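# A structural walkthrough
Here's the letter readout for the chains.
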Amino acid sequence: MDVQRVTVLGSGSWGTAFAKVLADAGRDVTMWARRREIAAEIRDSRGNTGYLPGVRLPENLTATEDAAEALDGADAVVLAVPSQSLRENLTRWRELLPAGAILVSLAKGVELGTLKRMSEVIAEISGAPEHQIVVVSGPNLAREIAREQPGAAVLACSDHERAMAIQRATSNAYFRPYTNTDVVGCELAGACKNVIALSCGMAAGMGFGANTMATLITRGLAEMARLGAKLGADAQTFAGLAGVGDLVATCSSPLSRNRTFGERLGRGETVEQAQQAAGGQVAEGVMSCSSIRELAQTTGVDMPITDAMHRVCHESLDPRAAGAELLGRQNKHEWS
Ligand SMILES: NC(=O)C1=CN([C@@H]2O[C@H](COP(=O)(O)OP(=O)(O)OC[C@H]3O[C@@H](n4cnc5c(N)ncnc54)[C@H](O)[C@@H]3O)[C@@H](O)[C@H]2O)C=CC1
Ligand SMILES: O=C(CO)COP(=O)(O)O
């Protein structure tokens, strides 16, 4: 199975950085951009300054605002739009997807309303079987990868051959992708860590230090892993790149949009103010805290940090009151 021609649908931060990873691994890449001027900038000036300032894109990467043109003849199609817009976007693209193309999901979220993981949404809308869908997860802050800082990722797919085809298509001097067959665990971990990063940002915004961060990261990991166990994920995944790896990167980096969003809330800004400051870029945890909370409630899993983030973001709970509530919960055994 050879993947040479790849289409990336979405030209935001991660879509562009991932397109560069593919191009630097020798693939021919065409990006689709919603805005004509972004497609023109990528094509003509080799940059996407709004999302990745200072990054020069390789010559074997081009862009168009025409989805049909972008998708023509693709061996693999990378879906690089925010989770809550994936259904709507994919519905417009589904007739254009080349038969048999591997569908690669970059989004980290759980759909509001349906509570579906992204690969489930992709299978439903595209009609593709699950073994044709590869999920990318791991500690992948787009700006670091676009600057060619060394990093790794997980490519999860029930079909090892397809995971390996995408592995070959993304391996380069600065990016090391590993394969994994635990699609459920990788997707849940990627979605949940954004919510925990919101909480860490919030704690930082309130002036708290390393102990508070480590507590939120560790107890966040515990609640993510509980949800994963309930939904059939492999426990090992949470100790790997998609679990603790992504959690540590996102919770501790000022480059994370989720952490930054939380930090603004912790400093006393409203959700609307934090949203405005994000300048149209997505902090997935703000929506996923609600869908993950509902998923936890319907499956009987205790996720107190996620519940608190939902109430801060959507029910006007004050971040300090949320912190006090988390500390005031009934005492318990660490692993109960
Ligand atoms: N930025 C990062 O470092 C990483 C992001 N991700 C995930 O990848 C997914 C995409 O993220 P980014 O590329 O960073 O997002 P972004 O906000 O930087 O870009 C989103 C792209 O999707 C397009 N788009 C199409 N329909 C849209 C809609 N209805 N609303 C908003 N944008 C729409 C935008 O025009 C833009 O090109 C997210 O689920 C994110 O969690 C995963 C790993 C790293
Ligand atoms: O998923 C990410 C890093 O792996 C990016 O996190 P943010 O969306 O918070 O920037």
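As recorded in an unreviewed UniProt entry, the protein goes by the name Glycerol-3-phosphate dehydrogenase [NAD(P)+], listed as coming from Amycolatopsis pithecellobii. UniProt, in its Sequence similarities (unreviewed entry) section for the protein, records the words "Belongs to the NAD-dependent glycerol-3-phosphate dehydrogenase family." Annotation of the protein in UniProt includes, under Subcellular location (unreviewed entry), the sentence "Cytoplasm".

## Focus on helix α10 (residues 241-252)
Counting buried positions over the 12 residues of α10 gives 10, a clear majority of the element. For α10, the elements touching its buried residues are β6 (133-137), β7 (151-156), β8 (175-180), α8 (183-205), α9 (210-230) and α11 (257-266).

## Examining the domain arrangement of the protein
Taken domain by domain, the protein holds domain 1 (5-181) and domain 2 (188-327). On a C-alpha basis, the centres of domain 1 and domain 2 stand 24 Å from each other. Listed by contribution, the elements that provide at least two residues to the side of domain 1 that touches domain 2 are α4 (83-93), α6 (142-146), β7 and β8. When residues in the side of domain 1 that touches domain 2 are grouped by element, the largest group, 3 residues, is from β7.

## Thoughts on the site of ligand 2
By nearness alone, 13 residues border ligand 2, and Asn140, Thr250, Ser256, Arg257 and Asn258 come closest of all. Mapped onto the shell around ligand 2, the elements with two or more residues apiece are α8, α10 and α11. With 3 residues, the top contributor of residues to the shell around ligand 2 is α10. Among the residues making up the shell around ligand 2, the classes are represented as 4 nonpolar, 5 polar and 4 charged. Each of two domains, domain 1 (5-181) and domain 2 (188-327), supplies a minimum of three residues to the shell around ligand 2.

## Let's talk about the UniProt feature "binding site: substrate" (unreviewed entry) in the protein
According to UniProt, the feature "binding site: substrate" (unreviewed entry) maps to Lys108, Arg257 and Asn258 in the numbering used here. A maximum C-alpha distance of 12.7 Å among these annotated residues, which run over 151 residues, shows that they cluster at one spot. Not counting residues within four places of it along the chain, the set of residues in contact with Lys108 comprises Ser83, Ser137, Gly190, Ala191, Asn194 and Glu284. Relative to the helices and strands, Arg257 is located in helix α11. A tally of 24 C-beta atoms within 10 Å means that Arg257 is categorised as buried. Leaving out residues up to four positions away in the same chain, Arg257 has contacts with Ala278, Gln281, Val282 and Ala283.

## Comments concerning the site of ligand 1
Around ligand 1, a shell composed of 24 residues is seen, among which Gly12, Trp14, Ser85, Ala107 and Ala142 lie nearest. Contributing elements (two or more residues each) for the shell around ligand 1: α1 (13-24) and α4. Classifying every residue of the shell around ligand 1 by side-chain character gives 10 nonpolar, 11 polar and 3 charged. Counting only domains with at least three residues in the shell around ligand 1, you end up with domain 1 (5-181) and domain 2 (188-327).

## Considering the UniProt feature "binding site: sn-glycerol 3-phosphate" (unreviewed entry) in the protein
The feature "binding site: sn-glycerol 3-phosphate" (unreviewed entry), as annotated in UniProt, sits at Lys108, Gly138, Lys193, Asp246, Ser256, Arg257 and Asn258 in this numbering. Among the secondary structure elements, Asp246 is positioned in helix α10. Overall, the presence of 27 C-beta atoms within 10 Å leaves Asp246 in the buried class. If near-sequence neighbours (up to four positions away) are discounted, Asp246 is found in contact with Ser137, Gly138, Pro139, Ala189, Gly190, Lys193 and Leu241. One can find Ser256 in the loop between α10 and α11. We classify Ser256 as buried; it has 23 C-beta atoms within 10 Å. Contacts of Ser256, omitting those with residues within four sequence positions, involve Leu141, Ala197 and Thr250.

## Observations regarding the packing of helix α13 (residues 285-299) against helix α14 (residues 304-314)
One can describe the packing of α13 onto α14 by two numbers: an axis separation of 8 Å at closest approach and a directional angle of 130 degrees. As far as their axial angle goes, α14 and α13 are oblique. Handedness of the crossing formed by α13 with α14: left-handed. Residue-level inspection shows Gly285, Val286, Cys289, Ser290, Ile292, Arg293 and Ala296 of α13 in contact with α14, the latter providing Thr306, Asp307, Met309, His310, Cys313 and His314. For the contact of α13 with α14, the class distribution of residues is 6 nonpolar, 5 polar and 2 charged.

Criteria and thresholds
Residues numbered from 1 in each chain as written. Chains lettered and ligands numbered in written order. Predicted model: local features only at pLDDT ≥ 70, side-chain atom pairs only at ≥ 80, totals over all residues. UniProt positions renumbered as here; feature names shortened; annotations may be inferred. Buried ≥ 20, exposed ≤ 12 C-beta atoms within 10 Å, placed from the backbone. Helix = DSSP H or I, 4+ residues; strand = E, 2+ residues; numbered from the N terminus. Contact = placed C-beta atoms within 7 Å. Domains from an automatic or database assignment. Near = placed C-beta within 6 Å. Nonpolar A, V, L, I, M, F, W, Y, C, P; charged D, E, K, R; others polar. Axes fitted to C-alpha atoms, helices over the stretch in contact; angles between N-to-C directions. Parallel < 35°, antiparallel > 145°, perpendicular 65-115°, else oblique. Left-handed = near helix turned anticlockwise from the far one by under 90°.

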